[in-house]
Amino acid sequence: MSSSGAPSRKTLSKIATNRLQKELVEWQMNPPTGFKHKVTDNLQRWIIEVIGAPGTLYANDTYQLQVDFPEHYPMESPQVIFLHPAPLHPHIYSNGHICLDILYDSWSPAMTVSSVCISILSMLSSSTEKQRPTDNDRYVKNCKNGRSPKETRWWFHDDKV
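Because the structure is a prediction, the values reported are computed rather than measured. (Residues numbered from 1 in each chain as written. Predicted model: local features only at pLDDT ≥ 70, side-chain atom pairs only at ≥ 80, totals over all residues. Heavy atoms only, no water.)

Notes on the confidence of the model for the protein chain
Line of reasoning, step 1. This prediction gives the protein chain a mean pLDDT of 87; 84% of its residues lie at or above 70.
Line of reasoning, step 2. Looking over the protein chain, one finds the lowest element-wise mean pLDDT in helix H3 (residues 136-142), namely 85, and the highest in strand E3 (residues 62-68), namely 97.
Line of reasoning, step 3. Counted against residues more than four places away or in other chains, residues 1-7, with its pLDDT under 50, gives 17 contacts. (pLDDT = per-residue confidence, 0-100. Helix = DSSP H or I, 4+ residues; strand = E, 2+ residues; numbered from the N terminus. Contact = heavy atoms within 4.5 Å.)

Remarks on the side chain of Ser77
Line of reasoning, step 1. Locating Ser77 in the fold gives a position in the loop between E3 and strand E4 (79-82).
Line of reasoning, step 2. Taking relative accessible area as the criterion, Ser77 reaches 6% and is therefore assigned buried.
Line of reasoning, step 3. Within the local environment of Ser77, its side chain forms a polar contact with the backbone oxygen of Leu103, the two atoms lying 3.1 Å apart. (Buried < 20%, exposed > 50% of the residue type's maximum accessible area, 1.4 Å probe, protein only. Polar contact = N/O pair within 3.5 Å; in protein donor to acceptor, adjacent residues only side chain to side chain.)

Digging into helix H2 (residues 113-125)
Line of reasoning, step 1. Between its first and last C-alpha, H2 extends 18 Å over 13 residues, near the 18 Å set by a 1.5 Å rise per residue.
Line of reasoning, step 2. Turning to H2, its buried residues number three or more, namely Val113, Ser114, Val116, Cys117, Ile120, Leu121, Met123 and Leu124.
Line of reasoning, step 3. Packing partners of the buried residues in H2 comprise helix H1 (14-29), strand E1 (35-38), strand E2 (45-51), E3 and E4. (Expected span 1.5 Å × (residues − 1).)

Overview of the environment of Thr62
Line of reasoning, step 1. Residue placement: Thr62 occurs in strand E3.
Line of reasoning, step 2. Measuring from C-alpha to C-alpha, the distance between Thr62 and Pro87 comes to 8.9 Å, with 25 residues separating the pair along the chain.
Line of reasoning, step 3. With near-sequence residues (within four places) excluded, Thr62 lies in contact with Glu49, Val50 and Ile51.

Overview of the nonpolar core
Line of reasoning, step 1. Counting residues in each nonpolar core, the largest one holds 34 residues, and the members touching the most others are Trp46, Ile48, Leu65, Phe82 and Ile98.
Line of reasoning, step 2. When residues of this core are traced back to their parent elements, those giving at least two are H1, E2, E3, E4 and H2.
Line of reasoning, step 3. Here this core takes seven residues from H2, the largest share from any one element.
Line of reasoning, step 4. Residues contacting Phe82, with those up to four places away along its chain left out, are Val50, Tyr63, Gln64, Leu65, Pro87, Ile92, Asn95, Gly96, Ile98, Ile120 and Leu124.
Line of reasoning, step 5. Tyr93, Tyr139, Val140 and Cys143 belong to the second largest nonpolar core, which has five residues in total. (Core = buried A, V, L, I, M, F, W, Y, C linked by side-chain atoms within 4.5 Å.)

Some points on the sheet that holds E2
Line of reasoning, step 1. Taken together, four strands build an open sheet; the order of strands is E1-E2-E3-E4 and the sheet is antiparallel. On the outer flanks of this sheet lie E1 and E4, each paired with one strand and no other. Taken pair by pair, the neighbouring strands of this sheet meet at an average axis angle of 25°, ignoring direction.
Line of reasoning, step 2. Here four bridges tie E1 to E2, and the two strands are oriented antiparallel to one another. Directly across from His37, in E2, lies its bridge partner Ile48.
Line of reasoning, step 3. Strand contacts of H1: E1 and E2, with the helix running at about 30° to E2, the strand carrying the most contacts.
Line of reasoning, step 4. Sheet contacts for H2: E1, E2, E3 and E4; angle to E2, the most-contacted strand, approximately 35°. (Pairing = 2+ DSSP bridges. Axes fitted to C-alpha atoms, helices over the stretch in contact; angles between N-to-C directions.)

Details of the side chain of Arg19
Line of reasoning, step 1. With respect to the helices and strands, Arg19 occurs in helix H1.
Line of reasoning, step 2. The exposure class assigned to Arg19 is buried, which follows from its relative accessible area of 19%.

Notes on the UniProt feature "active site" (unreviewed entry) in the protein chain
Line of reasoning, step 1. In the numbering used here, UniProt assigns the "active site" (unreviewed entry) feature to Cys99.
Line of reasoning, step 2. Along the polypeptide, Cys99 turns up in the loop between E4 and H2. (UniProt positions renumbered as here; feature names shortened; annotations may be inferred.)

So, the pattern of salt bridges
Line of reasoning, step 1. Evaluated as defined, the whole model comprises five salt bridges.
Line of reasoning, step 2. A salt bridge links Arg45 to Asp68; its shortest N-O distance comes to 2.6 Å. Remark: Asp68 occurs in strand E3 and Arg45 occurs in strand E2; sequence separation between them is 23 residues.
Line of reasoning, step 3. In this structure Asp68 comes out as buried when scored by relative accessible area, which is 1%. (Salt bridge = Lys/Arg side-chain N within 4 Å of Asp/Glu carboxyl O.)

So, in structure tokens, the structure goes:
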């Protein structure tokens, strides 16, 4: 595993490749507000710039998401993390891991990269304070050696932030 916690990479299936090419074209024609896809030749890993929404704690702050697509996307969710430095947020760990149910248990193949990005921006925008999760230090320590957030058994209990 790499230091970014990327899952072991298998070649994308034909279905995944076709779906991602379609999503990329749609993104280029109609990008979600507050996001920029950094163009590379790697369809399996997208780097996306996130710009904090006006009128929120994160207004004009800029962060980067790394989205790694598994072999069987969209039947399997992508791994989505913030690259360093991750925003201070009650559901974002200092290693970039994001506690958001749609990235794990509530994933649906109908979701797209755009819909995931909009959900992440909504999560950021609804926060009333910039702080790390209370268990940040313990969680990050347990994630040493490149553990993927998809290996975590998340407990989704706070829908206020």
